[in-house]
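Spelled out, the chains give:
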Amino acid sequence: MSRDAHGPARSALRTVLCAVAVLLSAMLFPSAAGADNPIVQTIYTADPAPLVHNGRVYVYTGHDEDGSTYFTMRDWRVYSSSDMANWTDHGSPMSLATFAWADANAWAGHVIQRNGRFYWYVPIRDRATGSMAIGVAVGDSPTGPFRDAIGRPLVNNGEIDPNVFIDDNGQAYLYWGNPRLWYVRLNTDMISYSGSPTQIPLTTAGYGTRTGNAARPTLYEEAPWVFKRNGLYYNVFAAECCSEFIAYSTAPSATGPWTYRGTIMPRQGGSFTNHAGIIDFNGGSYFFYHNGALPGGGGYTRSVAVEKFTYNADGTIPTINMTTGGPPQIGTLDPYTRQEAETVAWASGVETEVSGEGGMNVGFIDNGDHLKVKGVAFGDGASSFTARVASATSGGRIELRLGSPTGTLVGTCAVNGTGGWQTWASVTCPVSGATGTRDLYLRFAGGSGYLFNLNWWQFTRSGGGGAELLTNGAMENGTTGWTASGGTLSSVTDVAHAGSRSLLNSGRTASWNGPHQNVTARLANGRTYTTSVWVRSQSGTPGAKATLALTADGATSYHQLTPVRTVGPDGWTQLTGTASVSWTGTLTNASFYVETAAGTDGLYVDDASFQ
């Protein structure tokens, strides 16, 4: 939302966050460096539905409006992470307005991939009947946008909380229900079904025993999450409101019979509801849930969190407790490639909004606000920092600190007014002392009122050859800086490794055709350069590589910058390597490009770095 639309008032959540910042530091989150749960701090989120796709975890959430005294929810949100510590805000790709037949209650949904598309099943109120129904939307990427797939409810029996599971034989099931529990077999189109909805018997053997409520004799309340592991089917669900805990049952088939197995997460966390989702990612298992842990949080203002866990040897799920620390980070974050400002482990005081340059930006920044980025791998050191900023006021400054918001200061970037909140400019400042792997804090300072917006940032390595030679290596500025040596080069939004765009080189007629960029003016003779670029194919599995073509004194030579790696259409592959570059005579042309060892498959290219 723009400043003009938003007005001078900050959200209720931001007001509370700023008012109790000192108390939070001392009590709720005892160490800023150690507090990474809940995973979203800019708004209230609920009902997480995680999905693994192309080396990232996407979490689809509901959005509790600030100050709610009921489940006041009007849109859904998407976040993603490759390291389970730093989460990227992708905004809201779907809202009540997506469904012309609905008028309220954008409640707990679930997303699943099939047929190269993403299907989002959500409970919403049917305007015609005034009761809850299950709708389905479809998108061409995990971050949308999503559109109503059928223009009407998929099922309509007044119940909520859809969950979809695709069995090994390809049969998809839709589960949902409160107070009852239902399933129906979906057709392969994922937007229709065969047969009639079937009610699952809620027996005490299958779902545990509830006391004191004859109308609901079992523990099952709502929020089924069905999955299969090692031939065993699991149904994880919210149990016995209120307050709810998370329990589970298992079965030998997707339709039962179910056997109650016990509690996973006890009643904890300041919210009288809970809603779970479980995934496996990068060799670990993760349990998503919600609580009321943020300032102002409670049963109607909830927040999504995640814990890592290990199944017991017999396949049972251990007891999992809520923490403020969250799971350990997988790997590190590379500061020498462009990073979106809205990719953070923790945000204090700020909000996010749609950026005029695509994707999201961090905005509504006041003096003293900060962002935490976890596990930043500076290596031998950084020499400078560049940020993309915009300000309709006089700006402010970005303090680069390590370890905490008041930690070691390694650089300060001045930000001047740019003439508008979406009038973007890049600023660069020197950096000293940023080495090793550290948590990075971007602390914002300046006068009163909103200071500036932040879209992205990037460090430059210290030492020879440390400067980035490529323009628009993140591919977020269309085809700027890039041309095709054959075929058609286009900027696409349906496939991206990070951010919102990548380049597609289609119609290639030779293996050496590929996206390329002239780096003649920036190349230094006799230096060693490091290359990193992410590639995937439109179809087929060609071998891809990055190459540098040099022309000096009329003679052209070719330097292979990365080993050949097989790339495919179902995920991204990183090409990386280090090579020494030298020539004799006067250099008249140097071109960096991505090619295949053989074949003419179309190539997607993203997040390229040559430095």
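Not measured: the values here are computed from a predicted model. (Residues numbered from 1 in each chain as written. Predicted model: local features only at pLDDT ≥ 70, side-chain atom pairs only at ≥ 80, totals over all residues. Heavy atoms only, no water.)

## Some thoughts on the sheet that holds strand E20 (residues 284-291)
Then step 1. Spatially, three strands are ordered E19-E20-E21 in an open sheet, and the strand pairing comes out antiparallel. Because the sheet does not close on itself, it has two edges, and the strands there are strand E19 (277-281) and strand E21 (303-309). Within the sheet, the average angular offset between the axes of one strand and its neighbour, ignoring direction, is 30 degrees.
Then step 2. Of the pairings in the sheet, the one linking E19 to E20 comprises five bridges and is antiparallel in character. Residue pairing across strands places Ile-278 opposite Phe-287, the latter belonging to E20. (Pairing = 2+ DSSP bridges. Helix = DSSP H or I, 4+ residues; strand = E, 2+ residues; numbered from the N terminus. Axes fitted to C-alpha atoms, helices over the stretch in contact; angles between N-to-C directions.)

## Observations concerning the pairing of strand E16 (residues 232-239)
Then step 1. Among the eight residues in E16, seven count as buried, and that is most of the element.
Then step 2. Strand direction decides the pairing type here: strand E15 (residues 220-229) and E16, joined by seven bridges, are antiparallel. Within E16, the residue paired with Arg-229 across the bridge is Leu-232.
Then step 3. The hairpin turn running from E15 into E16, its antiparallel successor, is two residues long, and Asn-230 in that turn takes a positive phi close to 50 degrees.
Then step 4. As defined by bridge partners, E16 adjoins strand E17 (residues 245-251) across seven bridges and the pair is classed as antiparallel. When the bridges of E17 are listed, Ala-238 appears paired with Ile-246. (Buried < 20%, exposed > 50% of the residue type's maximum accessible area, 1.4 Å probe, protein only.)

## Some points on the packing of aromatic side chains
The geometry of two aromatic rings is summed up by the distance between their centres and the angle between their planes.
Then step 1. By the definition in use, this model includes 35 aromatic pairs.
Then step 2. Consider the rings of Tyr-234 and Tyr-248, whose centres lie 6.2 Å apart with planes at 15 degrees: the pair is stacked. Residue Tyr-234 is located in strand E16, and its partner Tyr-248 is located in strand E17; the two are separated by 14 residues in the primary sequence.
Then step 3. With relative accessibility at 2%, the residue Tyr-248 sits in the buried group.
Then step 4. Put simply, the rings of Tyr-60, Trp-76, Phe-99, Trp-101, Trp-120 and Phe-146 touch in pairs and so form one group of aromatic residues.
Then step 5. Here the guanidinium or amino end of Arg-229 rests over the ring plane of Tyr-311, the centre of that ring lying 3.8 Å away. (Phe/Tyr/Trp six-rings, centres within 6.5 Å; stacked < 30°, edge-to-face > 60°. Lys NZ or Arg CZ within 6 Å of the ring centre and 35° of its normal.)

## Focus on the pairing of strand E39 (residues 543-552)
Then step 1. A large share of E39 lies buried, amounting to 10 of its 10 residues.
Then step 2. A two-sided burial pattern is seen for E39, the buried positions comprising Gly-543, Lys-545, Thr-547, Ala-549 and Thr-551 on one face and Ala-544, Ala-546, Leu-548, Leu-550 and Ala-552 on the other.
Then step 3. With two bridges joining them, E39 and strand E41 (residues 565-566) adopt antiparallel strand pairing. Counted as the bridge partner of Gly-543 is Thr-566 from E41.
Then step 4. Bridging between E39 and strand E43 (residues 587-596) involves nine bridges; their strand directions are antiparallel. Looking across to E43, one finds that Ala-552 is bridged to Leu-587.
Then step 5. As judged from the six bridges shared by E39 and strand E40 (residues 555-560), these two strands associate in the antiparallel manner. The partner of Leu-550 across the bridge, within E40, is Ser-557.
Then step 6. Joining the antiparallel neighbours E39 and E40 is a turn of two residues, in which Asp-553 adopts a positive phi near 50 degrees.

## What to know about the sheet that holds strand E13 (residues 182-186)
Then step 1. Spatially, the four strands line up as an open sheet ordered E11-E12-E13-E14, and their pairing is antiparallel. Two strands close off the open sheet at either side, each with one partner strand: strand E11 (163-166) and strand E14 (193-199). Taking each pair of neighbouring strands and ignoring which way they run, the sheet shows an average axis angle of 20 degrees.
Then step 2. Relative to strand E12 (residues 172-176), E11 is paired through four bridges, and the arrangement is antiparallel. The partner of Ile-166 across the bridge, within E12, is Ala-172.

## Remarks on the state of the cysteines
Then step 1. Tallied over the full model, the rule gives two disulfides.
Then step 2. Two residues share a disulfide in this structure: Cys-241 and Cys-242, whose sulfurs sit 1.5 Å from each other. Taking the torsion about the sulfur-sulfur bond, which here is approximately 55 degrees, the covalent link between Cys-241 and Cys-242 counts as right-handed.
Then step 3. By relative accessible area, Cys-241 is classed as partly exposed at 25%.
Then step 4. The disulfide that involves Cys-413 links it to Cys-429, with 2.1 Å between the sulfurs. On the sign convention where negative is left-handed, the bridge of Cys-413 and Cys-429, at about -100 degrees about the S-S bond, is left-handed. Placement of the pair is Cys-413 in strand E30 (residues 408-415) and Cys-429 in strand E31 (residues 420-430), with a sequence separation of 16 residues. Comparing Cys-413 with Cys-429, the two get one shared label, buried. (Disulfide = S-S within 2.5 Å.)

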